[in-house]
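# Chain and residue survey
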Amino acid sequence: MDSKEIRDKFIKYFTDSPRNHKEIDPAPLVLENDPSTLFTSAGMQPLVPYLLGEVHPKGKKLVNSQPSIRLGDIEEVGDNRHITFFEMLGNWSLGDYFKDEQLPWIYEFITNELGIEKGRLWVSVFEGTKDVPKDEESYGIWKNLGLPDDKIIFYGAKKNWWSMTGTPEEMNVGHIGGPDSEMFYDFGEELHLHENSLYKNEMCHPNCDCGRFLEIGNSVFIQYKKVGEGKLEELPQKNVDFGGGLERITAVLNGDPDMFRTDLFSHNIKILEEKYGRKYGDSEMFDRSFRIVADHLRASSALISGGVYPGNKAHGYILRRLIRRAVLHAKILSPKGEYLGLPIPDLSENKIPVPVKSVSEIENVINEESGKFAKAIDRGMKKLETIIDKGTVLTGNIAFDLYQTEGFPLELTLEAAERKGVKFSLEDKKQFQEEFEKHKNLSRTTSAGVFKGGLADDSPEVIKFHTATHLLLASLRKVLGDHVIQKGQNITKERSRFDFPNNEKLTDEQVKEVEETVNKVIAENVPVKFEVLPKDEALKTGAIHGFNEKYADTVKVYYVGENLDDAISREFCGGPHVGSTGEIGRVKINKQEKIGSGLVRVYMTLEK
Ligand code: GLY
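My aim in this report is to walk through the structure given alongside it, one point at a time. (Residues numbered from 1 in each chain as written. Predicted model: local features only at pLDDT ≥ 70, side-chain atom pairs only at ≥ 80, totals over all residues. Heavy atoms only, no water.)

## Observations concerning the pairing of strand β8 (residues 213-228)
What counts, and what does not: Note on exposure labels: buried denotes an accessible area under 20% of the residue type's maximum, exposed denotes more than 50%, and partly exposed covers the range between, all computed with a 1.4 Å probe on protein chains only. Secondary structure elements follow DSSP: runs of H or I no shorter than four residues count as helices, runs of E no shorter than two count as strands, and numbering proceeds from the N terminus. Strand pairing is assigned whenever DSSP identifies at least 2 bridges connecting the two strands.
Most of β8 is tucked away, with 13 of its 16 residues classed as buried. Relative to strand β9 (residues 231-245), β8 runs antiparallel, the two sharing ten bridges. In the sheet register, I222 faces β9, and the bridge partner there is N239. Between β8 and β9, which pair antiparallel and follow one another directly, the connecting turn spans two residues, one of which, G230, has a positive phi of 70°.

## Observations regarding helix α7 (residues 263-276)
Short version of the rule: The length a helix should cover is 1.5 Å for every residue beyond the first.
When the terminal C-alpha atoms of α7 are compared, their 20 Å separation across 14 residues agrees well with the 20 Å that a helix rising 1.5 Å per residue should span. Of all the residues in α7, the buried ones are D263, L264, F265, N268, I269, L272, E273 and Y276. Residue G277 follows α7 closely and has a positive phi angle near 65°.

## As for the site of the ligand
So the rule is basically this: The near set for a molecule or strand comprises every residue that places at least one heavy atom within 4 Å of it. Here a polar contact means two N or O atoms within 3.5 Å. Within protein one must be a hydrogen donor candidate and the other an acceptor candidate, and residues neighboring in sequence count only if both atoms are side-chain atoms. Under the convention used here, a 1.4 Å probe and the Shrake-Rupley method define accessible areas, while residue burial counts only the protein chains that appear. Basically, the charged four are Asp, Glu, Lys and Arg, the nonpolar ten are Ala, Val, Leu, Ile, Met, Phe, Trp, Tyr, Cys and Pro, and anything else, Gly included, counts as polar.
For the ligand, the full set of nearby residues is A42, R70, M88, W162, N218, V220, D241, F242 and G243. A distance of 3.3 Å separates an oxygen atom of the ligand from a polar side-chain atom of W162. Residue N218 places a side-chain N or O atom 2.9 Å away from a nitrogen atom belonging to the ligand. Protein contacts shield 96% of the accessible area of the ligand, which totals 200 Å² for the unbound molecule. Within the residue set of the shell around the ligand, elements represented by two or more residues are β8 and β9. Ranked by residue count, the leading element in the shell around the ligand is β9, at three residues. Taken together, the residues of the shell around the ligand break down into five nonpolar, two polar and two charged.

## Some thoughts on the packing of α7 against helix α8 (residues 284-305)
Using the following cut-off: Fitted lines through C-alpha atoms give the axes, limited to the stretch in contact for helices. The angle between two N-to-C directions lies from 0 to 180 degrees. Helix crossings fall into two classes, left-handed where the near helix is turned counterclockwise from the far one by less than a right angle and right-handed where it is turned clockwise. Note on contacts: a residue pair qualifies if any of its non-hydrogen atoms lie within 4.5 Å across the two residues.
At their nearest, the axes of α7 and α8 sit 10 Å apart, and the two run at 115° to each other. Considering the relative orientation of α7 and α8, their crossing is right-handed. From α7, L264, F265, I269, L272 and E273 reach across to α8, where they touch F290, V293, A294, D295 and R298.

## Some remarks on the pattern of salt bridges
Side chains bearing opposite charge may pair, as long as their charged atoms lie close to each other. Just so we agree on the cut-off: By definition, a salt bridge exists where a carboxyl oxygen of Asp or Glu is found within 4 Å of a side-chain nitrogen of Lys or Arg.
In this structure the tally under the stated criterion is 33 salt bridges. A salt bridge links K4 to D8, with the shortest nitrogen-to-oxygen separation between them at 2.8 Å. Placement of both K4 and D8 in helix α1 (residues 3-15) is noted, with a separation of four residues, approximately one turn of the helix. What makes K4 partly exposed here is its relative accessible area of 35%. Two residues, R477 and D482, come together in a salt bridge whose shortest N-O distance is 3.7 Å. Members of the salt-bridge network, linked through shared partners, are D256, D258, R261 and R291.

## Things to note about the packing of aromatic side chains
Operational definition: Classification of ring pairs rests on two measures: the distance between centres of Phe, Tyr or Trp rings, Trp counted by its six-membered ring, which must be within 6.5 Å, and the angle between planes, read as stacked under 30 degrees, edge-to-face over 60 and tilted in between. Definition used: whenever NZ (Lys) or CZ (Arg) falls within 6 Å of the ring centre and also within 35 degrees of the ring normal, the charge is taken to sit over that ring.
Per the stated rule, a full pass over the model turns up 20 aromatic pairs. With a centroid separation of 4.6 Å and 45° between ring planes, the pair formed by F260 and F265 is classed as tilted. For the pair F260 and F265, one class covers both residues: buried. A connected cluster of aromatic rings, assembled from ring pairs, spans F10, Y13, F14, Y97, W105, F109 and F242. The residue whose ring lies beneath R19 is Y13, and the NZ or CZ to ring-centre distance is 3.6 Å. Across from the ring centre of F286, 3.8 Å away, lies the NZ or CZ of R278, which sits over that ring.

## What about helix α3 (residues 99-113)?
End to end, α3 covers 20 Å across 15 residues, agreeing with the expected 21 Å (1.5 Å per residue, within 8%). Of all the residues in α3, the buried ones are K99, Q102, L103, W105, I106, Y107, F109, I110 and T111. Directly after α3, the chain includes G115, whose backbone phi takes a positive value near 75°.

Nothing here speaks to function; it is geometry throughout.
Pasting the structure below:
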């Protein structure tokens, strides 16, 4: 069964009697009239008003297939199951049916309509928190449907709670969500211990990352709204939001866990094989590059069709990042590491489920952006070769530094080392990997505001907190020392949460001193300005930076002060910020806690 048949069957199953859903058009990838959102990343986004109770013109039971972009896992793309651009099959109850209908229907669709083997299905249900009960109802329904006890697994909020912004604790105030029940397909490797999995020394289970299980869909019971820190409120209606990954379901029906071997990607993989003269499936390292190029070109084409152009901000920055990664991996694939161009993927309907405006426009945008970056990479390669030629010992740290400053991947470093006959040992690789993991975690948290679900909230409260948080970091460094860096940050309209390394919690005096330092700058009404600088120059200003700017060749440095040179705070940041600090009002640090080894978390609010 190919992807088109699966999509058609899904829509038909839910529009047919007795389910009687109405099909709705997918929302565009870039939502108009919604400045708080970068991309459509879930089918629920355009439906939020109706999940909250507004009457939908097509009724209370809807079905669709929604093209979506998710960037949270961009670094994971390269295995057989992570992609950035995907299609989500969705059925919706807007306060109509609930668990009793949803789970039997979706089970019937998966097993009868698609014919997926019942014995290979596992499901998960929500184990509950102090505020939300354990989902015994879903458990009972799955049992009645015939699932054995040991294939119904309870997980906590990290796994079985769904909202655009994470668990009940992480969720932005105003967001809606609820417990979910997920379905997994078991590709059936033997149960075993996974040395390298997230769940070290545990038996493999549905949420293990080893590749044995593939999540194919989740039924979210959207029932709650976050109304304040630690406060959930029940919605006036109980909703169902089912999301099924079309690419994943197609892989299951293709009998191969590799999504890149489904009809959605196979044609594009073939074009890449022809272009670069390699065979997909021959080597793990090259397969990774095949997948990254195939995924990123598909996503880039969809974005360009949606009116996005490469740039240094928001949508454009994401597109640029995707094209640049595609270039890097295209170079890895080509026989001599040269840049041979990026072949445009199959843009026919069904393979890329968005209206394609003009193939030649897509081609032009990708060619121009990729050509410029290919030249920049050549410069990176020269830099590396100079390092090697000078006789400097090539270490994991040097390789990582090149990665961070030039976007130069380890694969190209390895290749250069081999060509030049210099040593790059397993230890060096480990060193690189360690730095890379650190960076990945940091980049996940620092970019969470924008990438998690594609959200960027530019409300006045959030903007004030953005600037106040820059001042908080500067003040913490002043009071505690330069070891303070941002390890995590989360801003809502109510508060800013900030994580940084420090062995102990702050003393009362230190808290007071930090608060006073921030409030003094606010009282002085200091201007907040920015300069756009080439990255090298920006680094020289000593501005504090996260890693998420690694691919931008020009960056924005926001500073608090009349001049960049003697500013109170300097940070790489996309903004936005207040015009001057007086707009913030007074701040207060009202809570702090130790989170894990050597990290302290503080919460800051604005005094009304
Ligand atoms: N159905 C919720 C989601 O994963 O998008």
